[in-house]
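Chains, contacts and geometry: an overview
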Number of protein chains: 2
Amino acid sequence: MSQTGIGFEPTELRERVGSRIREFFDAKVDAAGHLGGEYQQLWQAARLASQGGKRLRPAFVVGVYSALGGDDEESAIQLATAFEILHTAFLLHDDVIDRDILRRGVPNLAGEFESDAIARGVSAERAGAWGQAAAILAGDLLIHFAQGMIARLTVADRTRVALLDVLDRSIFVTAAGELADVAFSTGVCDPHLSEVLAMTERKTATYSFEGPLTAGAILAGADVAVVDTLSEFGRLLGVAFQLGDDILGIFGDERVTGKSASNDLREGKETLIIAYARSTSEWSQISDGFGDIGISDGQARSIRRSLERCGARSFVEGMIADFADRASELVIASDLPSSLQANLCDAAQRCVGRLV
Amino acid sequence: MSQTGIGFEPTELRERVGSRIREFFDAKVDAAGHLGGEYQQLWQAARLASQGGKRLRPAFVVGVYSALGGDDEESAIQLATAFEILHTAFLLHDDVIDRDILRRGVPNLAGEFESDAIARGVSAERAGAWGQAAAILAGDLLIHFAQGMIARLTVADRTRVALLDVLDRSIFVTAAGELADVAFSTGVCDPHLSEVLAMTERKTATYSFEGPLTAGAILAGADVAVVDTLSEFGRLLGVAFQLGDDILGIFGDERVTGKSASNDLREGKETLIIAYARSTSEWSQISDGFGDIGISDGQARSIRRSLERCGARSFVEGMIADFADRASELVIASDLPSSLQANLCDAAQRCVGRLV
């Protein structure tokens, strides 16, 4: 299995993206030192937040760029770094919005600042506010600096503006998806099947798949047909991937996913599988425990069985297979180079394969 | 008194900035309509948040640009718009960080979304989370689109990069100031005089004064000496202005400032005047009521008297006069065009004049 878990094997170029990300944060940590100890701590925590992920988005940017014959490695690295930093920004603000102070089981930036304040004798409420403020500011900074990297690419004006447009779309659509997600989880809107599917696409597919894939192609000077194919492929793959994450969040093996498969049930995460189950008579068996922070592992098992019995699991798994197949077919019917076709089809099939 | 209250009379160019801001938001409201009713509502609320301010930053950008002989009005308008949209973004996130749901006495974006959710039957806690999420996302979007305007300026590469650098500095330093402000208000750090003064400079002077003034000059093709003069002038004026706001926040006439002069005392806002008072024996007369949301107008009057008695008020007023004088002297000794010198000195003296 590749490092990303979704195709595109590690390359020297991708390692250089990792170095560039570290260099970016190291420089900011240094500069922040002149503006106060807490501010330097903020940048150190932001650097930590940028580590440990799968680096999916840089893999897409440089993978597509190289496959399409791009040879301006410096610009490809900068573009890939921008998407990864944007991703870190979104994670930081996503956690603030969800009031999470843990990520991957350890304190996130807000959690670190919060416990630090408590250790300094600050009240729990004020320490919480301090943690949230720090995470909001860190995300703001990273949203800003991500675009700054694209704005400074030394490429043709036309190319730079096209890349800025990709980023605009990524951010504009993702914010809509995130807002819809919160609307469902707070009960402001009813989570109907079609709206939850649209939210899934907007929140994940656009900035994590469509954006990096098309940006890599645009930087490589690809023609409109290639960019359009990758855009549609990214949309399909992104939905398949996120729906797979939703399944793993409920049915996954904790030893593989690294997170408890009961968490999404406890938190009442509104996903397509839940939206489907709501429309069935089995929902009465699920609704009591769903979103109850105190449910036992036994109750979680019972909900999982209900989600299978009512057909929600197989419905979503069928959709994943369908989206992945459509993504592959699109690529095979395209004029993309055969090595890129193989990589993209591999990525699509991994979306299905990781579930079995 | 000019529209901005700080010099630079209204011009046709500034009116065109106002139109450009409206056009920006109108286009986003339209586009958001395709991504859900709540998302469109978010952009409508963001548009509302951008209205009603003094438009200080655009006045600086276009005022300096025109005075230095710039004739690319289109770019000046775009640059000025970027700074104003960044300002709206900061206001939105500042309110989230302070947990404010009112601005200028009416519900802000978070407050509007919160009451809307309550009207839909959502619990108070979840409605609050909905409002906060909406304001975080709106600020994120505006931070992004502000830079996008500068990144798309059709000017020489060197000029665009220099303007991006100004924006980088504005955001990097402002975040440090905002973090320090929260550190003081939550009690994470002790508000010593010199740190509070540094916070004041970082939080306000950089993005609201130094940034717009130097950006206008850079766009006009000014040489390094001019840019440096405006940078230092902006720093001095920005501190004078913010210290003046701090005074007005405690001693101002509600009918003029539009906000209660007891609010800053009730909220326990850590300003230079308070930092000074803390170091005097009079503080024991102030500390009880300061930061107490329930203090009466009589108690507030008593605190105001204490702040005068201990010399805090005159200390800060002296600093304002000093910073304003140094700002004026710097300008008079410079090679800036005389009309610009007059405007800048006028702005500096207004910082003092509005307090009497």
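Structure shown above.
Right, let's walk through the structure included here. (Residues numbered from 1 in each chain as written. Chains lettered and ligands numbered in written order. Predicted model: local features only at pLDDT ≥ 70, side-chain atom pairs only at ≥ 80, totals over all residues. Heavy atoms only, no water.)

We now examine the overall build of chain A. A tally of regular secondary structure across chain A gives 16 helices and 2 strands. A compact globule built from 356 residues should have a C-alpha radius of gyration of about 21 Å, and chain A, at 21 Å, falls within 12% of that. For the C-alpha atoms alone, the extent of chain A along its principal axes is close to 60 × 60 × 35 Å. Residues counted as buried form 59% of the 356 residues belonging to chain A. Contacts spanning at least 24 positions in sequence make up 72% of the contacts within chain A whose residues lie at least 6 apart. In the structure as shown, chain A presents an accessible area of about 13,800 Å², 49% of it carried by carbon and sulfur atoms. A gap of 3 Å separates the mean positions of the 34 positive and 51 negative side-chain charges of chain A. (Helix = DSSP H or I, 4+ residues; strand = E, 2+ residues; numbered from the N terminus. Rg over C-alpha atoms; globule rule 2.2 N^0.38 Å. Buried < 20%, exposed > 50% of the residue type's maximum accessible area, 1.4 Å probe, protein only. Contact = heavy atoms within 4.5 Å. Areas by Shrake-Rupley, 256 points an atom, 1.4 Å probe, with all protein chains shown as cover. Lys, Arg positive; Asp, Glu negative; His and termini not counted. Charge placed at Lys NZ, Arg CZ, Asp CG, Glu CD.)

A separate point is the relation of the copies chain A and chain B. The operation relating chain A to chain B is a screw motion whose rotation component is 180°, with 0.0 Å of axial translation and a residual RMSD of 0.0 Å. This pairing of chains is accounted for by a two-fold axis. Among all residues of chain A, the one whose C-alpha sits closest to the rotation axis is A:Ala151, at a distance of 2.7 Å. When the interface residues of chain A are mapped onto chain B, 100% of them again fall at the interface, so both copies present the same face. (Least-squares fit on C-alpha atoms with pLDDT ≥ 70 in both.)

Our next topic: the environment of B:Pro191. All names here are of chain B. Here Pro 191 lies in the loop between helix H7 (157–186) and helix H8 (193–219). Taking relative accessible area as the criterion, Pro 191 reaches 14% and is therefore assigned buried. Along the chain, Pro 191 and Ala 275 lie 84 residues apart, while their C-alpha atoms are 6.2 Å from each other. Among all residues touching Pro 191, those that are not within four sequence positions of it are Phe 184, Val 196, Glu 270, Ala 275 and Arg 278.

To continue, consider the packing of helix H2 (residues 37–49) of chain B against helix H6 (residues 124–151) of chain B. Residue and element names in this part refer to chain B. Running from N to C, H2 and H6 cross one another at 65°; their axes reach a closest spacing of 10 Å. Regarding H2 and H6, the two cross each other, and that crossing is right-handed. Between H2 and H6, the contacting residues are Glu 38, Tyr 39, Leu 42 and Trp 43 on the first element and Trp 130, Ala 134, Leu 137, Ala 138, Leu 141, Leu 142 and Phe 145 on the second. Of the residues in the contact of H2 with H6, the class split is 10 nonpolar, no polar and 1 charged. (Axes fitted to C-alpha atoms, helices over the stretch in contact; angles between N-to-C directions. Left-handed = near helix turned anticlockwise from the far one by under 90°. Nonpolar A, V, L, I, M, F, W, Y, C, P; charged D, E, K, R; others polar.)

A few words on unusual backbone geometry. The phi angle at A:Arg99 is positive, at roughly 55°, despite the residue not being glycine. Within the element layout of this structure, A:Arg99 appears in the loop between helix H4 (73–98) and strand E1 (102–103). In this structure, B:Arg55 is a non-glycine residue whose phi angle is positive, near 55°. Along the chain, B:Arg55 falls in the loop between H2 and helix H3 (56–67).

Enumeration over the complete set of coordinates arrives at 54 salt bridges over all chains. The closest approach of N and O atoms between A:Arg309 and A:Glu282, which form a salt bridge, is 2.9 Å. Residue A:Arg309 is located in helix H14 (residues 297–309), and its partner A:Glu282 is located in the loop between helix H12 (272–278) and helix H13 (283–286); the two are separated by 27 residues in the primary sequence. Note that B:Arg326 is salt-bridged to B:Asp322, the shortest N-O span being 3.6 Å. Taken together, the residues span about one helical turn, with B:Arg326 and B:Asp322 both in helix H15 (residues 312–332) at a distance of 4 residues. The class for B:Arg326 is partly exposed, based on a relative accessible area of 35%. A network of salt bridges, in which partner residues are shared, links A:Asp94, A:Asp95, A:Arg103, A:Glu178, A:Asp181 and A:Lys203. (Salt bridge = Lys/Arg side-chain N within 4 Å of Asp/Glu carboxyl O.)

A word on the packing of aromatic side chains. Scanning all chains against the criterion turns up 28 aromatic pairs over all chains. Note on A:Phe145 and B:Phe172: the rings are 6.4 Å apart at their centroids and 80° apart in plane angle, and the pair reads as edge-to-face. In this pair, A:Phe145 sits in helix H6 (residues 124–151) while B:Phe172 sits in helix H7, so the two residues belong to two different chains. Neither A:Phe145 nor B:Phe172 differs from the other in exposure class; each is buried. Considering the side-chain rings of B:Trp43 and B:Phe145, the 6.0 Å spacing of their centres and the 65° angle between planes classify their relative orientation as edge-to-face. With B:Trp43 in helix H2 and B:Phe145 in helix H6, the pair connects residues that are 102 residues apart, well separated along the chain. Judged by its relative accessible area of 1%, B:Trp43 is buried. The exposure class assigned to B:Phe145 is buried, which follows from its relative accessible area of 5%. Ring pairs connect the aromatic residues A:Phe24, A:Phe25, A:Tyr39, A:Trp43, A:Phe145 and B:Phe172, which therefore count as one cluster. Lying across the ring of A:Phe251, A:Arg313 places its NZ or CZ 4.1 Å from the centre. Positioned over the ring face of A:Phe323 is A:Arg326, at 5.0 Å from the centre of the ring. (Phe/Tyr/Trp six-rings, centres within 6.5 Å; stacked < 30°, edge-to-face > 60°. Lys NZ or Arg CZ within 6 Å of the ring centre and 35° of its normal.)

This paragraph deals with the interface of chain A and chain B. Listed by partner, the interface residues are 56 residues for chain A and 56 residues for chain B. Buried surface at the junction of chain A and chain B, summed over both partners, amounts to about 5,000 Å²; 70% is from carbon and sulfur atoms. Contact with chain B buries area across many residues of chain A, yet A:His144, A:Phe172 and A:Leu179 alone supply 15% of it, more than any other trio. Taken together, the links from chain A to chain B amount to 4 salt bridges. Between A:Asp165 and B:Arg152 there is a salt bridge whose closest N-O contact spans 2.7 Å. Counting across the interface, chain A meets chain B through 17 residue pairs in polar contact (both at pLDDT 80 or more). Every element with two or more residues in the side of chain A that touches chain B is listed here: helix H1 (12–32), helix H2 (37–49), H4, H6 and helix H7 (157–186) of chain A. At 18 residues, the largest contribution of residues to the side of chain A that touches chain B is made by H7(A). (Buried area = accessible area lost by both parts, 1.4 Å probe. Polar contact = N/O pair within 3.5 Å; in protein donor to acceptor, adjacent residues only side chain to side chain.)

Turning our eyes to something else, we now look at the packing of helix H1 (residues 12–32) of chain B against H6(B). Residues and elements named next belong to chain B. Packing of H1 against H6 brings their axes to within 13 Å, and their N-to-C directions diverge by 125°. Relative to H6, the element H1 lies oblique. H6 is crossed by H1, and the crossing has right-handed handedness. Between H1 and H6, the residues in contact are Phe 24, Phe 25 and Lys 28 and Leu 142, Phe 145 and Met 149, respectively. (Parallel < 35°, antiparallel > 145°, perpendicular 65-115°, else oblique.)

Once that is clear, we can look at the nonpolar core. Considering soluble globular proteins, one finds that nonpolar side chains tend to be buried as a cluster. Counting residues in each nonpolar core, the largest one holds 251 residues, and the members touching the most others are A:Tyr39, A:Trp43, A:Leu307, B:Tyr39, B:Trp43 and B:Leu307. If near-sequence neighbours (up to four positions away) are discounted, B:Tyr39 is found in contact with A:Phe172, A:Ala175, A:Ala176, A:Leu179, B:Ala32 and B:Leu141. (Core = buried A, V, L, I, M, F, W, Y, C linked by side-chain atoms within 4.5 Å.)

Residues and elements named next belong to chain B. By the element assignment, Arg 266 lies in helix H11 (residues 263–267). By relative accessible area, which is 18% here, Arg 266 ends up buried. A polar contact is formed between the side chain of Arg 266 and the backbone oxygen of Ile 295, at a distance of 3.2 Å. Setting aside residues no more than four positions away along its own chain, Arg 266 makes contact with Ser 260, Gly 291, Asp 292, Ile 293, Ile 295, Ser 296 and Asp 297.

Treat this as a map of the structure, not an account of what it does.
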